[in-house]
Amino acid sequence: MSAAHQKSDAASEEKQVALNCDVLSQVSHAEGVGMDYELKCNLINRCFQEEIGYGRYQWQLFVITGLGWLADNLWLQGLAIVLPQIQQELNPVRVEYAVLAEFAGLIVGATTWGIMADLIGRRLSFNITLFLAGLFGLAAGGAPNFVTFCSLIACMGFGVGGNLPVDGALYLEHIPQSHQWTLTLLSVWWALGQLVASLISWGFIANFSCNPSIPSGQCPKSANMGWRYTLYTLGVLTLLMFVCRFFVFDVQESSKFLVAQGRDEEAIKVLEHIARRNGRTITLKLEDLQAIAGDTTSKPVPNLTTSVRNAFSGMSLSHIRPLFSSRRLTINTTLIIVIWGLIGIAYPLFNAYLPLYLSAQGSASGSSSVNETYRNYSIVSILGIPGSLIACATVDYTRGTGRWLVGGRKLVLAVSTILTGVFLFLFTTSKTTAAVLGYSCASGLTQNAMYGVLYAYTPEVFPAPHRGTGDALCAALNRIGGLIAPLIKIATTPLGGTASANMANGPVFVSATLFMVAAILTILLPIETAGRMAL
């Protein structure tokens, strides 16, 4: 009886420690999660913070999830880069339809894989997305006509669209609170994606493309293989990333997802595995988690077929409603989704057509060679990388202590977004090649800082049981915005898809305005996640 009594006291003490572990435990039950899950999550967070730490497993996970971020921008920029050559060879009515097809795939992919991550786990979405992107991206390089090309690009978008919502959630759920700033650092991989795409395209397109003076439709395939070589290379790189994920790195399922599903025993095994990889041991036991709910049973491990069948048979709004479970969370969720949507229009409206804008501005200043256009694009890509580092260094800067915090993630996000709008407005006033390049570089830096904070803030603000769904909603609206961007481009430029320097300013002006509006909404976000342990 004495031993049993001591064991009961120990369980009660552990539960009380968990209750006091985080200040959020006083409010989170009203903001989308149950109290039992919150207590278990606090124990897991303590285990990561005090025992597992940030070690070998987390550094490898940083690289492997970073490859997913790299792939996302690799293909977004990769398509932007080859548009002029596709226009010249395949002669579509509107080359912007290729971007439209890509974002249609991205919408479906972001929604599907993000929600699936909450229903059947993170691992399946994490592993399969890059395979689909690489396979269809590789095939797009051999497309004989524009319709086939757009179809394959849409399928590629379906695959790559699931990367960011899933990768950010999986990474966040495997790191201690003291290292949550590294989620912002992941955006370096996003910037590297643009750089890799620009350098590959510069080498191929500058040397294996038709002269820009040749009219659209009169450029033979044999003389215009540069864009195809570019897509072949991007496809192979993406498939190699998949090989690294699936065969080289043994990624573990999220322990927070497992406890949310009642699979406590599996969660403990995951934590023990990660601890071993880091050369550590943990004291957290299965009994500690089970004592919280007063349940000593653990759900059996379902096979993949059963998981998928149960997921689709039980699909409902159960993962959406908690995102709007309180007034504060409703305001925050609504604002962050709208911000994603606005940036979803603004970002591709400028960046998806940047080679076209650079070419148009170069023509106006008497310099329009393919080599110079892609050289300038590579310079813009290189200058974007410090933006991620700046965001990482400032995202946890000292904040205010009032009811509405004005620093941390929110401050850096608002400042970087508004500066992006300012630099794009200045871009429209450029009269020289140097000015065009300078403002493009400046906006590239601030955009990467903006995305670095946005991709960190979004998964942090949603609790783990519904994080995939919350990320999916944001990503889906972001991609819907990307679907609208080509329509704005079509409405503001001539039929050929290209534009004079003056005509190119129309969509850029719209893009700058939307960034400004998004910055204002960022200031109104009621929740600050800096210094807060993610549930």
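Numbering of residues starts from 1 in each chain and follows the order in which that chain's sequence is written. The predicted origin of the model limits local features to residues at a pLDDT of at least 70 and limits the giving and counting of side-chain atom pairs to 80 or more, whereas totals for whole chains, interfaces and linings rest on all residues. Neither water nor hydrogens contribute to the side-chain values; these are computed over all heavy atoms in the structure.

Colleague: Teacher, can you tell me more about the packing of helix 3 (residues 56–90) against helix 9 (residues 187–205) here?
Modeller: Running from N to C, helix 3 and helix 9 cross one another at 40 degrees; their axes reach a closest spacing of 7 Å. Taken as axis vectors, helix 3 and helix 9 run oblique relative to one another. Judged by the sense of rotation from one axis to the other, the crossing of helix 3 with helix 9 is right-handed. Only the stretch in contact is used when a helix axis is fitted, and all axes are lines through C-alpha atoms; the angle between N-to-C directions ranges over 0 to 180 degrees. Secondary structure elements follow DSSP: runs of H or I no shorter than four residues count as helices, runs of E no shorter than two count as strands, and numbering proceeds from the N terminus. Angular relationships are summarised with four words: roughly parallel below 35 degrees, roughly antiparallel beyond 145, roughly perpendicular across 65 to 115, and oblique for the angles in between. Handedness of a helix crossing follows the sense of rotation of the near helix relative to the far helix, less than a right angle counterclockwise being left-handed and clockwise being right-handed.

Colleague: Is there a simple way to explain the nonpolar core in this structure?
Modeller: Where a protein is soluble and globular, its nonpolar side chains tend to be buried together. Counting 135 residues, the largest nonpolar core has Phe 149, Ile 336, Ile 343 and Tyr 451 as the members making the most contacts within it. Sorting elements by how many residues they give to this core places helix 3 first, with 17 residues. Throughout, a residue-residue contact means that at least one pair of heavy atoms, one from each residue, lies within 4.5 Å. Residues contacting Tyr 451, with those up to four places away along its chain left out, are Trp 190, Trp 340, Ile 343, Tyr 347 and Asn 478. Only buried Ala, Val, Leu, Ile, Met, Phe, Trp, Tyr and Cys residues count toward a nonpolar core, and they belong to the same one when joined by side-chain atoms within 4.5 Å. Classification of residues uses two cut-offs on accessible area relative to the type maximum, computed with a 1.4 Å probe and protein chains only: under 20% is buried, over 50% is exposed, and between them is partly exposed.

Colleague: I tried to follow the packing of aromatic side chains on my own but got confused; where do I start?
Modeller: Here a ring pair, both rings aromatic, is described through the centre-centre distance and the interplanar angle of the planes. By convention, a stacked pair of Phe, Tyr or Trp rings (six-membered ring in the case of Trp) has centres within 6.5 Å and planes under 30 degrees apart, an edge-to-face pair has planes over 60 apart, and any other such pair is tilted. The full count for this structure, using the stated rule, is 24 aromatic pairs. On the basis of an interplanar angle of 25 degrees and a centroid distance of 6.5 Å, the ring pair of Phe 146 and Phe 149 is categorised as stacked. Of this pair, Phe 146 and Phe 149 both sit in helix 6 (residues 146–160), separated by three residues, roughly a single helical turn. Taking relative accessible area as the criterion, Phe 146 reaches 12% and is therefore assigned buried. Residues Phe 149 and Trp 227 carry aromatic rings whose centres are separated by 5.6 Å and whose planes lie at 90 degrees to one another, so their mutual orientation is edge-to-face. Of this pair, Phe 149 sits in helix 6 while Trp 227 sits in helix 10 (residues 226–248), placing them 78 residues apart in sequence. Phe 149 gets classed as buried once you look at its relative accessible area, which sits at 0%.

Colleague: Can you walk me through the confidence of the model for the chain in this structure?
Modeller: Low pLDDT marks regions whose predicted coordinates should not be analysed in detail. In the predicted model, the chain carries a mean pLDDT of 81, and 81% of its residues have values of at least 70. For every residue, the predictor reports its confidence as pLDDT, a number between 0 and 100. For residues 311–316, every residue scores under 50 in pLDDT, and the model assigns this stretch five contacts once sequence neighbours within four places are set aside. Taken as a whole, residues 398–406 scores under 50 in pLDDT and shows twelve contacts with residues more than four places along the chain or in a different chain.

Colleague: Would you take a moment to explain the state of the cysteines for this structure?
Modeller: Disulfides are defined in this document as cysteine sulfur pairs within 2.5 Å. In the structure shown here, the tally under the stated rule is one disulfide. Across the disulfide, Cys 210 is cross-linked to Cys 219 (sulfur-sulfur distance 1.9 Å). Between Cys 210 and Cys 219, the S-S dihedral sits near 85 degrees, and the bridge is therefore right-handed. The pair Cys 210 / Cys 219 is uniform in exposure class, with both members buried.

Colleague: Teacher, can you tell me more about helix 12 (residues 264–277) here?
Modeller: What sets the pattern is the α-helix's 3.6 residues per turn: residues three or four places apart point alike. Working rule for helices: expected span equals 1.5 Å times residues minus one. In this model, helix 12 (14 residues) spans 20 Å end to end at C-alpha, consistent with the 20 Å of a helix rising 1.5 Å per residue. Along helix 12, the residues classified as buried are Asp 264, Glu 266, Ala 267, Ile 268, Val 270, Leu 271, His 273, Ile 274 and Ala 275. Next to the buried residues of helix 12 lie helix 2 (35–52), helix 3, helix 11 (255–260) and helix 13 (286–293). Of the residues trailing helix 12, Gly 279 is marked for its positive phi of about 75 degrees.

Colleague: What exactly am I supposed to notice about a nonpolar patch on the surface here?
Modeller: Every patch collects residues that have over 30% relative accessible area and no salt bridge, joining them within 9 Å if they carry like charges and within 5 Å if they are nonpolar side chains (Val, Leu, Ile, Met, Phe, Trp, Tyr). Note on areas: these come from Shrake-Rupley sampling with a 1.4 Å probe, and a residue is covered only by the protein chains present in the view. Here a salt bridge means any side-chain nitrogen of Lys or Arg lying within 4 Å of a carboxyl oxygen belonging to Asp or Glu. Together, Leu 411, Val 415, Ile 418, Leu 419, Val 422 and Leu 426 give the surface a local cluster of nonpolar side chains, amounting to about 410 Å² of exposed area. On the basis of relative accessibility, which here comes to 30%, the residue Leu 426 falls in the partly exposed class.

Colleague: Teacher, can you tell me more about unusual backbone geometry here?
Modeller: A positive phi angle, near 50 degrees, is found at Asn 91, a position not held by glycine. Summarising the element assignment, Asn 91 is placed in the loop between helix 3 and helix 4 (97–119). Given the relative accessible area of 42%, Asn 91 is considered partly exposed.

Colleague: Help me understand the pattern of salt bridges, please; the structure alone is not making it clear to me.
Modeller: Tallying each qualifying case throughout the model produces ten salt bridges. A salt bridge links Asp 264 to Lys 40, with the shortest nitrogen-to-oxygen separation between them at 2.9 Å. Highlighted residues: Asp 264 in helix 12 and Lys 40 in helix 2, separated in sequence by 224 residues. The class of Lys 40 is buried, set by a relative accessible area of 8%.

Colleague: For this particular structure, what's the right way to read the side chain of Ser 125?
Modeller: As for its placement among the helices and strands, Ser 125 is situated in helix 5 (residues 122–140). If sequence neighbours within four positions are ignored, Ser 125 has contacts with Trp 113, Met 116, Ala 117 and Val 166.

Colleague: Can you walk me through the environment of Tyr 451 in this structure?
Modeller: In this structure, Tyr 451 sits in helix 19 (residues 433–461). Residue classification places Tyr 451 among the buried residues on the basis of a relative accessible area of 2%. Along the primary structure Tyr 451 and Trp 340 are separated by 111 residues, whereas in three dimensions their C-alpha atoms are 10.0 Å apart.

Colleague: Looking at this structure, I do not really get the environment of Trp 190. What am I missing?
Modeller: Counting through the fold element by element, Trp 190 comes out in helix 9. Remark: the alpha-carbon pair of Trp 190 and Leu 67, spanning 123 residues in sequence, is separated by 8.6 Å. Those residues in contact with Trp 190 that lie beyond four places of it in its chain are Trp 69, Leu 70, Asp 72, Asn 73, Leu 76, Leu 164, Tyr 347, Asn 448, Tyr 451 and Tyr 455. Here a polar contact means two N or O atoms within 3.5 Å. Within protein one must be a hydrogen donor candidate and the other an acceptor candidate, and residues neighboring in sequence count only if both atoms are side-chain atoms. Engagement of the side chain of Trp 190 in a polar contact is seen with the side chain of Asn 448, the distance being 3.4 Å.

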